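Structural characterization, general
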Amino acid sequence: MTAAVPIAIQGVRKTFSTAGRPETTALESVDLTVGAGEFVSIVGASGCGKTTLLRVLAGLTAPSGGEVRIGDRVVAAPDRSVSLMFQSPTLLPWLRVVDNILLPLKLRGRIGAHERERAGQLLDQVGLADFGDRLPRELSGGMQQRVALCRALIAAPTVLLLDEPFGALDAMTRDQMNLDLHRLWASTSLTTVLITHSISEAVMLSQRVVVMSPRPGRIVDIVDVPLPAERHGELIDSPQFAETAARIRSHFARH
Ligand SMILES: Nc1ncnc2c1ncn2[C@@H]1O[C@H](COP(=O)(O)OP(=O)(O)OP(=O)(O)O)[C@@H](O)[C@H]1O
């Protein structure tokens, strides 16, 4: 297993300038440390800068001020140790499932028996052991997202960034995917940051939940989740779950 790495976000600001329009401040003085191997979720109103922050962490968007460090590295460009997953699975329709999963490795060089075996293990872990030879169109939306998760993990990243990965799925599939994701995360040393609009998803999956203010996005609260390490569906009925969700929800109450 690769060693876990922390993420340190220091004084990150991001402004966007578009000709003819006033400047938009998407992020203002964001400071956050995500521990090595920790699972943190970020919640906040639409447009508060969550995706912008994730893109800064991934090295896809340069901050206007401040810096992000992943381990010892100051983030300045995308890096293969950081994997991103979005709401849409974006599988290549003409490639079989296993080849979609292996794509990030194929782009970097040869694929051997070891890599194929690893793809098989990942498929097994997400309950798709028998689907490696299928084409994406033969899979449901939830199954395609599982494949996208395998693809995000094939290159053994140290950081996993998830932007509403299950937002397009029905509620039951989403709950199941969340528990699968949590199990996968718990079996690795992945430092994970999840963006979600769902407070219960954030509480169910994370060790801490970061609450952002409406634009310009700032961190207004960081909530520890006092749930056992092993997560399961019934925890949603526990008082700890309800109290944690209520504290987060209080930031979104209209006055
Ligand atoms: N490339 C860009 N150019 C100009 N403005 C941008 C750009 N990207 C984002 N913004 C602006 O920055 C702000 C934050 O956007 P962002 O997508 O990060 O929000 P979000 O919290 O992820 O929203 P949602 O929850 O709706 O996905 C918005 O006002 C958006 O219009």
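A short tour of the structure in this document, coming up. Every value quoted in this text rests on a predicted model; they were computed, and no experiment measured them.

1. Some remarks on the overall build of the chain
Secondary structure summary: the chain contains 7 helices and 10 strands in total. Relative to a compact globule of 255 residues, whose C-alpha radius of gyration would be 18 Å, the chain shows 18 Å and is just as compact. The buried share of the chain, reckoned over its 255 residues, is 49%. Long-range contacts, defined as pairs at least 24 residues apart, comprise 69% of the intrachain contacts of the chain with a sequence gap of at least 6. Charge separation in the chain, taken as the distance between the mean sites of 27 positive and 26 negative side-chain charges, equals 7 Å.

2. A word on the sheet that holds strand β2 (residues 24-34)
As summarised here, the arrangement of the 4 strands in space is β2-β1-β4-β5, forming an open sheet in which the pairing is antiparallel. Both outer strands of the open sheet, β2 and β5 (73-74), are each paired with one neighbouring strand and no more. Inspection of the sheet shows strand β4 (residues 65-70) paired to β5 by 2 bridges, in the antiparallel sense. From the neighbouring strand, I70 faces β5, where its bridge partner is R73. Running at roughly 120° to strand β1 (residues 7-16), helix α1 (residues 50-58) makes contact with β1, β2 and β4 of the sheet.

3. Observations regarding the packing of aromatic side chains
For the coordinates displayed, the defined rule picks out 1 aromatic pair. On the numbers, 5.5 Å between centres and 80° between planes, the contact of F39 with W185 is edge-to-face. Residue F39 is located in strand β3 (residues 39-44), and its partner W185 is located in helix α5 (residues 171-186); the two are separated by 146 residues in the primary sequence. With respect to class, F39 is no different from W185; both count as buried.

4. What to know about the site of the ligand
Close to the ligand lie 13 residues, the nearest being S46, G47, K50, T52 and R215. A distance of 2.8 Å separates an oxygen atom of the ligand from a polar atom in the backbone of G47. For the ligand, an oxygen atom lies 3.1 Å from a polar atom in the backbone of C48. Protein contacts shield 62% of the accessible area of the ligand, which totals 640 Å² for the unbound molecule. Elements that contribute at least two residues to the shell around the ligand include exactly β2 and α1. In terms of residues, the shell around the ligand owes the most to one element, α1, which gives 3 residues. Residues of the shell around the ligand, tallied by class, amount to 4 nonpolar, 7 polar and 2 charged.

Rules of the game
- Residues numbered from 1 in each chain as written.
- Predicted model: local features only at pLDDT ≥ 70, side-chain atom pairs only at ≥ 80, totals over all residues.
- Heavy atoms only, no water.
- Helix = DSSP H or I, 4+ residues; strand = E, 2+ residues; numbered from the N terminus.
- Rg over C-alpha atoms; globule rule 2.2 N^0.38 Å.
- Buried < 20%, exposed > 50% of the residue type's maximum accessible area, 1.4 Å probe, protein only.
- Contact = heavy atoms within 4.5 Å.
- Lys, Arg positive; Asp, Glu negative; His and termini not counted.
- Charge placed at Lys NZ, Arg CZ, Asp CG, Glu CD.
- Pairing = 2+ DSSP bridges.
- Axes fitted to C-alpha atoms, helices over the stretch in contact; angles between N-to-C directions.
- Phe/Tyr/Trp six-rings, centres within 6.5 Å; stacked < 30°, edge-to-face > 60°.
- Near = heavy atom within 4 Å.
- Polar contact = N/O pair within 3.5 Å; in protein donor to acceptor, adjacent residues only side chain to side chain.
- Areas by Shrake-Rupley, 256 points an atom, 1.4 Å probe, with all protein chains shown as cover.
- Nonpolar A, V, L, I, M, F, W, Y, C, P; charged D, E, K, R; others polar.

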